[in-house]
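Summary of structural features
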Amino acid sequence: MSKPNETTSPPSEAAAPQVPGRVLVVGSINMDMVAHAQRLPAPGETLVGQSFVMAPGGKGANQAVAAARLGARVAFVSRVGTRQHGAELLQALQAEGVDASSVVRDPAVLPGVAVIMVASEGGENAIVYVPGSNADLTAADVQAAADQFQPGAVVVAQLEVPVPAIQQAFELARAAGARTVLNAAPALAVPPALLALCDWLVLNETEAQQLAGIEDVEAAARLLQASGARELLVTLGAAGVLMLDAVGQMQRLPAAAVKAVDTVGAGDTFVGGLATGLAEGCSAEQAVRLGMAAAAIAVSRSGVQSAMPLRAELPAEFASMRSLA
Ligand code: ADP
């Protein structure tokens, strides 16, 4: 069932493209500084922590690594300051098999940093993100990577780099016949011109509520679709994903029940899996299921990129999806 050269495709996927696209991530890269404590501190409170690690992160790099671990061919478009830990960040990305040839190296600035606190009881987290060189990614940087935008590719972006760079990426994607996934995280306003270029808008519950200005998550999803995005995927943590498709049909897909150890990066793993599935020619629902299966494993382990699963670690039903590739 999971043989790599299997010739029979699942019947529901008969119309899937024979030549898979690749995943192109346009986004941030930074060093995560992660402190674990029993619980998150209250404002003004100092807690004695249990452990501290530094590890490569950034929503862009995380999603690129998640997709690469799941077997996608991944290229990354970004800007990284080469001072301090910049070289280390690039090496880590390349060690995961991500094509970093379109990452602009900038010796003049510092790379980004995320300071993350994780509660060991329940896995909740709180994050302060300092963008560094990520704030300097320009539309011209993205234009310089134009040959990376190919028909059938899945182009993924988040909101940790400037909107003009993302806008340029999605315009190049449209022109090339690639599909677009915007993970609207962190929750910043998305201009209507960019929303109109989103094939899939992915956000977590809080981001959907903040972006739409509506508490009810289903109503928020409908409003964001009315604002221009073609399909909406709202991640609901342990409750799974709310899908709103292009014709307005809504469904909730449940997540696997796992014991959450560290939920930092759950959304990034989900997006990486989603993009991988889409690039392999899966339906959106199958791609969502792939993303959820990967994220369920990631939250059951500690770490961000280090917790992201290889494709072989997923249940067998997700291995067979690769036969489309
Ligand atoms: P974010 O990390 O952006 O806040 P979520 O917390 O919504 O995003 O998580 C993204 C996805 O990861 C969820 O839709 C779900 O599939 C998976 N996930 C997150 N937390 C859990 C959990 N406790 N158990 C199982 N799956 C989870």
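Nothing here was measured: the structure is a model prediction, and the numbers come from that model. (Residues numbered from 1 in each chain as written. Predicted model: local features only at pLDDT ≥ 70, side-chain atom pairs only at ≥ 80, totals over all residues. Heavy atoms only, no water.)

Each helix and strand in the protein chain was counted, giving 10 helices and 13 strands. Against the globule reference of 20 Å for 325 residues, the protein chain gives a C-alpha radius of gyration of 19 Å, in line with a compact fold. For the protein chain, the C-alpha atoms occupy an extent of roughly 55 × 45 × 40 Å along the three principal directions. For the protein chain, the residues scored as buried account for 51% of the 325 residues in total. The long-range fraction of contacts in the protein chain, counting pairs at least 24 apart against all pairs at least 6 apart in sequence, stands at 67%. When the accessible surface of the protein chain is split by element, carbon and sulfur atoms take 57% of a total near 13400 Å². (Helix = DSSP H or I, 4+ residues; strand = E, 2+ residues; numbered from the N terminus. Rg over C-alpha atoms; globule rule 2.2 N^0.38 Å. Buried < 20%, exposed > 50% of the residue type's maximum accessible area, 1.4 Å probe, protein only. Contact = heavy atoms within 4.5 Å. Areas by Shrake-Rupley, 256 points an atom, 1.4 Å probe, with all protein chains shown as cover.)

To continue, consider the site of the ligand. The full set close to the ligand counts 17 residues, and Asn204, Thr235, Gly237, Gly240 and Gly267 are the nearest of them. In the environment of the ligand, an oxygen atom lies 2.8 Å from a nitrogen or oxygen atom belonging to the side chain of Thr235. One of the backbone N or O atoms of Gly240 is found 2.9 Å from an oxygen atom in the ligand. Surface burial for the ligand is 84%, taken as the share of its 550 Å² of free accessible area covered by protein chains. Assessed atom by atom at 2 Å from the grid points, the ligand resides in the largest pocket. If you list the elements that add at least two residues to the shell around the ligand, you get helix 8 (266-279) and helix 9 (284-299). It is helix 9 that contributes the most residues to the shell around the ligand, 4 residues altogether. Residues that form the shell around the ligand fall into these classes: 12 nonpolar, 5 polar and no charged. (Near = heavy atom within 4 Å. Polar contact = N/O pair within 3.5 Å; in protein donor to acceptor, adjacent residues only side chain to side chain. 1 Å grid on protein atoms, 1.4 Å probe; cavity = no way out; pocket = protein on both sides within 12 Å on 5 of 7 lines; lining within 4 Å. Sits in = over half its atoms within 2 Å of the grid points. Nonpolar A, V, L, I, M, F, W, Y, C, P; charged D, E, K, R; others polar.)

Below, the discussion takes up the layout of surface pockets. Put simply, the largest pocket is a space of about 1300 Å³. Mapped by element, the contributors of at least two residues to the lining of the largest pocket are strand 2 (30-37), helix 1 (59-69), strand 6 (112-119), strand 7 (125-130), strand 10 (200-204), helix 6 (205-212), helix 8 and helix 9. Split by residue class, the lining of the largest pocket holds 28 nonpolar, 14 polar and 7 charged. In this structure, the second largest pocket occupies an estimated 170 Å³ of space. Lining the second largest pocket we find Pro254, Ala255, Ala256, Arg289, Met292, Ala293, Ala296, Ile297, Pro315, Glu317 and Phe318. Elements supplying a minimum of two residues to the lining of the second largest pocket: helix 9 and helix 10 (316-319). (Points joined across faces, edges and corners; volume = space filled by probe spheres on them.)

Pairing between sheet strands relies on hydrogen bonds along the backbone, with the strands arranged either parallel or antiparallel. Sheet architecture is open: 9 strands sit in the order 5-4-1-8-9-10-11-12-13, paired in mixed fashion. The open sheet is flanked by strand 5 (99-106) and strand 13 (250-253), the only strands paired with a single partner. Adjacent strand axes in the sheet meet at a mean angle of 15°, parallel and antiparallel pairs treated alike. Sheet topology places strand 11 (residues 231-235) next to strand 12 (residues 241-244); 4 bridges connect them, and they run antiparallel. Paired with Leu232 across the two strands is Leu244, which belongs to strand 12. Where helix 1 meets the sheet, it contacts strand 1 (23-26), strand 4 (74-81), strand 8 (154-158) and strand 9 (179-183), and its direction lies at approximately 155° from that of strand 4. The sheet strands contacting helix 2 (residues 86-95) are strand 4 and strand 5, and the helix crosses strand 5 at an angle near 175°. (Pairing = 2+ DSSP bridges. Axes fitted to C-alpha atoms, helices over the stretch in contact; angles between N-to-C directions.)

Let's shift gears to the nonpolar core. Within the largest apolar cluster, 47 residues are counted, with the highest numbers of intra-cluster contacts made by Val23, Val74, Phe76, Val181 and Val288. The residues touching Val74, leaving out its near neighbours within four places in the chain, are Val23, Val25, Ala64, Ala67, Ala68, Gly97, Val98 and Asp99. (Core = buried A, V, L, I, M, F, W, Y, C linked by side-chain atoms within 4.5 Å.)

Our focus in this paragraph is the environment of Val65. Among the secondary structure elements, Val65 is positioned in helix 1. Spatially, the C-alpha atom of Val65 lies 7.1 Å from that of Leu93, the residues being 28 residues apart in sequence. Those residues in contact with Val65 that sit more than four places away from it in its chain are Leu93, Glu96, Gln305 and Met308.

One pass over the full model with this rule turns up 12 salt bridges. Between Arg289 and Glu285 there is a salt bridge, and its shortest N-O distance comes to 2.7 Å. Highlighted residues: Arg289 and Glu285, both in helix 9, separated by 4 residues, approximately one helical turn. By sharing partners, the salt bridges in this structure join Arg174, Asp199, Arg230 and Glu231 into a single network. (Salt bridge = Lys/Arg side-chain N within 4 Å of Asp/Glu carboxyl O.)

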